[in-house]
There are 2 protein chains.
Amino acid sequence: MSESLRARIEEVCRSVTPVNEEWLAKARERQMTLTKPPGSMGEMEEIGNRMAAINQSVSSGPIRKRIYVVAADHGVTAEGVSAYPTEVTRQMVFNFLNGGAAINVLARHGQIEVQIVDAGVACDFPPRTDLIDKKIVQGTANLTRGPALTREQAVSAIAAGIDLARTAKRDQVGLLGIGEMGIGNTTAASAITSVLTGLHPAEVTGRGTGVDDDVLRHKIAVIERALERNRPDRNDPFEILACVGGAEIGVMMGAVIGAAAERLPVVADGFISTAAAALATTACARVRDYLFIAHLSREPGHRALVEYIEIGPLLDLRLRLGEGTGAALAMHIIEASAKLLAEMATFDEAGVSARKKSL
Amino acid sequence: MSESLRARIEEVCRSVTPVNEEWLAKARERQMTLTKPPGSMGEMEEIGNRMAAINQSVSSGPIRKRIYVVAADHGVTAEGVSAYPTEVTRQMVFNFLNGGAAINVLARHGQIEVQIVDAGVACDFPPRTDLIDKKIVQGTANLTRGPALTREQAVSAIAAGIDLARTAKRDQVGLLGIGEMGIGNTTAASAITSVLTGLHPAEVTGRGTGVDDDVLRHKIAVIERALERNRPDRNDPFEILACVGGAEIGVMMGAVIGAAAERLPVVADGFISTAAAALATTACARVRDYLFIAHLSREPGHRALVEYIEIGPLLDLRLRLGEGTGAALAMHIIEASAKLLAEMATFDEAGVSARKKSL
């Protein structure tokens, strides 16, 4: 079962196509005709061009935007690595469902749909239509004692994420965001970052929700033990996910792969979602064409991750919350970039003089 | 006339009050109760607190947002310092009025009103209700041969800007942005920056709309000549504005002063509007409490200016267009920050556990 599921995921990875070069060229050409000095909208021009190449159009109009907030628990919290108790994951799921969390406020502000996904919270939720059930596990195992997830759980999480991306595409979502909630998941993300980049845990581990110096030192030691115990192959993203990842990380990894396969642009939020996106790029380099990184997190490992995947973050507001909060803000900029390319008047249309010939 | 107008402007400057410290403290306290780790929303927490202190409330609901795009021409274009001909200023005013420019697209996207102001375009516009007539001059004088504006023109421009801010406040605008259009105005902004910061023109002069190396060298020499000819007192922002400024720069400077006097938060866009804001802070240091800088422009002088006024820019997207385009994007983040503080659930309300006592 685990092997056949992995084979199906690898099939999805192979189906990812590079963005359309012809449309990229067309978009670049159109930028030159718009009533602004060439290049003067900086990164927004590149984003607009990429959106055109993904969509194979420069059509205007609003983009339907959705963020999946994926929640799961982490067995490593038994080691005392977080400033908050594990039950906060479950409590925050209810806060999301009630519309009281930061992501809810930002999503309402940015006219973005928020869908909450249970990937592995350590409790039974009563069935409700506003909570998407993709539960793989009731919290991961403690990664200092063995793999966080079985191979089967890991590939199931990725498959669930691919499924979410397909649903989004079917619902005519035009811009997807991924965010997360999971007490203990900066420990997992730092471990993944250390494996992928080869950097020592001390270089890529931060305070998460706000631990003090003693707990930070302990957290680094916990990650060292986890890597020593599991020794994942840095070239096998499935193995890394199983050994030191988490259910929400697997679902987000799958959502990135699935979005790329569906030619749906996808925005990773901060540290944990970028760790998931980095695993997705390791499984399939071409997903990078469809991937945006919302912001540079204050978690020290995030800079190493964005250098690893070679995609620059759009914002730097010293955020470190997760939930997709940075993604919500970045989606406003991405949609704006697409609209600039589609809706601005050209020099000809507006009767504006072009650059002087001599310059 | 000029002296009495200056006295009235200085009276407005004296009327600016610091933001309410009690509300700042209340806002900081409330941030600690919201369902997020303390400080995890980074700069957005500080912005939200500042908005609460300005408004003396944390009331939620949408904020009415307006950007004044102030247009004017510059006599220095006779020296060949721009990649575009002077008539582009007038042509772009019509593009703004027809909704085809970048600022129109971004303002529609961000639900921001755009009002176009003629501060000194070198032509007669037919009277129309959608163009605000604050014309001080038909293009400034060539600043290499004497002051760009007379003292009377300079103070008239500032007074016009104060008037615009008052109108915005009366219209119940809750967040004001300033942007500009004026072929040749990076030359003026670089000259202002050089005077205020004491840096050599070569350090604070860039390519504007995109001049080549030869024209850049010539532009720097032109600014050196302008400073040599005018020798403005770096402690007198009125004199700096008259000697090497411009009509749109004066109006924006006045809008910043007026906004602060009306306790209306105001967002400067990029290089030229920050130069205007820097003159405003030199005239009245307390306007800083009400001032946001939207983004870090690619113009090299902008970094020196934001260091001079000691307010960090919110975005860094390599923009260098002006028009208020960066301000439009930043306003989305500022409004979001205010909403986070007002609308997020508290730990108590959401039944979410607080931090562990031991950490």
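For the structure itself, consult the block above.
Residues numbered from 1 in each chain as written. Chains lettered and ligands numbered in written order. Predicted model: local features only at pLDDT ≥ 70, side-chain atom pairs only at ≥ 80, totals over all residues. Heavy atoms only, no water.

J.: Which residues make up the packing of helix H7 (residues 185-197) of chain A against helix H9 (residues 213-230) of chain A, and what values do they have?
T.: Residues and elements named next belong to chain A. Packing of H7 against H9 brings their axes to within 10 Å, and their N-to-C directions diverge by 55 degrees. Judged on the interaxial angle alone, H9 and H7 are oblique. Along this stretch, H7 crosses H9, giving a crossing that reads as right-handed. Every residue of H9 that contacts H7 at Thr186, Thr187, Ser190, Ala191, Ser194 and Val195 is listed here: Lys219, Val222, Ile223 and Leu227. (Axes fitted to C-alpha atoms, helices over the stretch in contact; angles between N-to-C directions. Helix = DSSP H or I, 4+ residues; strand = E, 2+ residues; numbered from the N terminus. Parallel < 35°, antiparallel > 145°, perpendicular 65-115°, else oblique. Left-handed = near helix turned anticlockwise from the far one by under 90°. Contact = heavy atoms within 4.5 Å.)

J.: Got a sec to walk through the interface of chain A and chain B? Specific residues and values, please.
T.: At the junction of the two partners, chain A supplies 62 residues and chain B supplies 62 residues. For the pair chain A and chain B, the two sides together bury roughly 5,500 Å², of which 60% comes from carbon and sulfur. Contact with chain B buries area across many residues of chain A, yet A:Tyr84, A:His109 and A:His332 alone supply 12% of it, more than any other trio. At the junction of chain A and chain B, the tally comes to six salt bridges. Here chain A is connected to chain B by 23 residue pairs in polar contact (both at pLDDT 80 or more). The set of elements that each furnish at least two residues to the side of chain A that touches chain B consists of helix H3 (42-55), helix H4 (88-97), helix H5 (102-109), strand E7 (313-315), helix H14 (325-343) and helix H15 (347-350) of chain A. Per element, the largest residue contribution to the side of chain A that touches chain B is nine residues, and it comes from H14(A). Of the residues contributing to the side of chain A that touches chain B, the split by class is 30 nonpolar, 17 polar and 15 charged. (Buried area = accessible area lost by both parts, 1.4 Å probe. Salt bridge = Lys/Arg side-chain N within 4 Å of Asp/Glu carboxyl O. Polar contact = N/O pair within 3.5 Å; in protein donor to acceptor, adjacent residues only side chain to side chain. Nonpolar A, V, L, I, M, F, W, Y, C, P; charged D, E, K, R; others polar.)

J.: Residues and numbers for the relation of the copies chain A and chain B, please.
T.: A rotation about an axis combined with a shift along that same axis relates the two copies of the chain. When chain A is fitted to chain B, the best match, at an RMSD of 0.0 Å, comes from turning it 180 degrees and sliding it 0.0 Å along the axis. Given the turn and translation reported, the copies of this chain are related as if by a two-fold rotation axis. Across chain A, the smallest distance between a C-alpha and the rotation axis is recorded for A:Leu315, namely 3.2 Å. In this assembly, 100% of the residues forming the interface of chain A have copies in chain B that are likewise at the interface, indicating an isologous arrangement. (Least-squares fit on C-alpha atoms with pLDDT ≥ 70 in both.)

J.: Go over the pairing of strand E2 (residues 113-120) of chain A, please, and point to the residues and values.
T.: The sheet contact formed by strand E1 (residues 65-72) of chain A and E2(A) spans seven bridges and is parallel. Bridging across to E2(A), A:Val69 finds its partner in A:Ile116. (Pairing = 2+ DSSP bridges.)

J.: Can you explain the layout of surface pockets? Please cite residues and give values.
T.: Space inside the largest pocket adds up to approximately 470 Å³. Taken together, 23 residues form the lining of the largest pocket, with A:Asp316, B:Leu296, B:Pro313, B:Leu315 and B:Asp316 sitting closest to its centre. Secondary structure elements with two or more residues in the lining of the largest pocket: E7 of chain A together with helix H13 (300-309) and strand E7 (313-315) of chain B. Broken down by class, the residue content of the lining of the largest pocket amounts to eleven nonpolar, one polar and eleven charged. (1 Å grid on protein atoms, 1.4 Å probe; cavity = no way out; pocket = protein on both sides within 12 Å on 5 of 7 lines; lining within 4 Å. Points joined across faces, edges and corners; volume = space filled by probe spheres on them.)

J.: Outline the pattern of salt bridges, listing residues and values.
T.: This model, assessed by the stated rule, comprises 44 salt bridges over all chains. Measuring nitrogen to oxygen at the nearest pair gives 2.6 Å for the salt bridge that ties B:Arg207 to B:Asp213. Of the residues examined, B:Arg207 reaches a relative accessible area of 37% and is grouped as partly exposed. Its relative accessible area of 43% is what places B:Asp213 among the partly exposed residues. With its nearest N and O atoms 2.8 Å apart, the salt bridge here joins B:Arg298 to B:Asp316. Pair noted here: B:Arg298 is in the loop between strand E6 (291-295) and H13 and B:Asp316 is in the loop between E7 and helix H14 (325-343), with a separation of 18 residues, a long-range link. Through salt bridges with shared partners, one network takes in A:Arg64, A:Arg66, A:Glu113 and A:Asp171. (Buried < 20%, exposed > 50% of the residue type's maximum accessible area, 1.4 Å probe, protein only.)

J.: Pulling in residues and values, what's your account of the packing of aromatic side chains?
T.: The geometry of an aromatic ring pair is captured by two quantities: the separation of the ring centres and the angle between the planes. Inspection of the entire model under this criterion finds four aromatic pairs over all chains. Here the aromatic rings of A:Phe94 and A:Phe125 are separated by 5.5 Å at their centres, their planes lie at 65 degrees, and the arrangement is edge-to-face. Taken together, the positions of A:Phe94 in helix H4 and A:Phe125 in the loop between E2 and strand E3 (131-133) put the pair 31 residues apart, joining distant regions of the chain. The interplanar angle of 15 degrees and the centroid separation of 6.4 Å between the aromatic rings of A:Phe347 and B:Tyr84 together place this pair among those described as stacked. On the criterion of chain membership, the pair formed by A:Phe347 in helix H15 and B:Tyr84 in the loop between strand E1 (65-72) and helix H4 (87-97) is interchain, its members lying in two chains. Neither residue differs from the other here; A:Phe347 and B:Tyr84 are each classed as buried. A cation over an aromatic ring shows up here: A:Lys26 above the ring of A:Trp23, its NZ or CZ 4.0 Å from the ring centre. (Phe/Tyr/Trp six-rings, centres within 6.5 Å; stacked < 30°, edge-to-face > 60°. Lys NZ or Arg CZ within 6 Å of the ring centre and 35° of its normal.)

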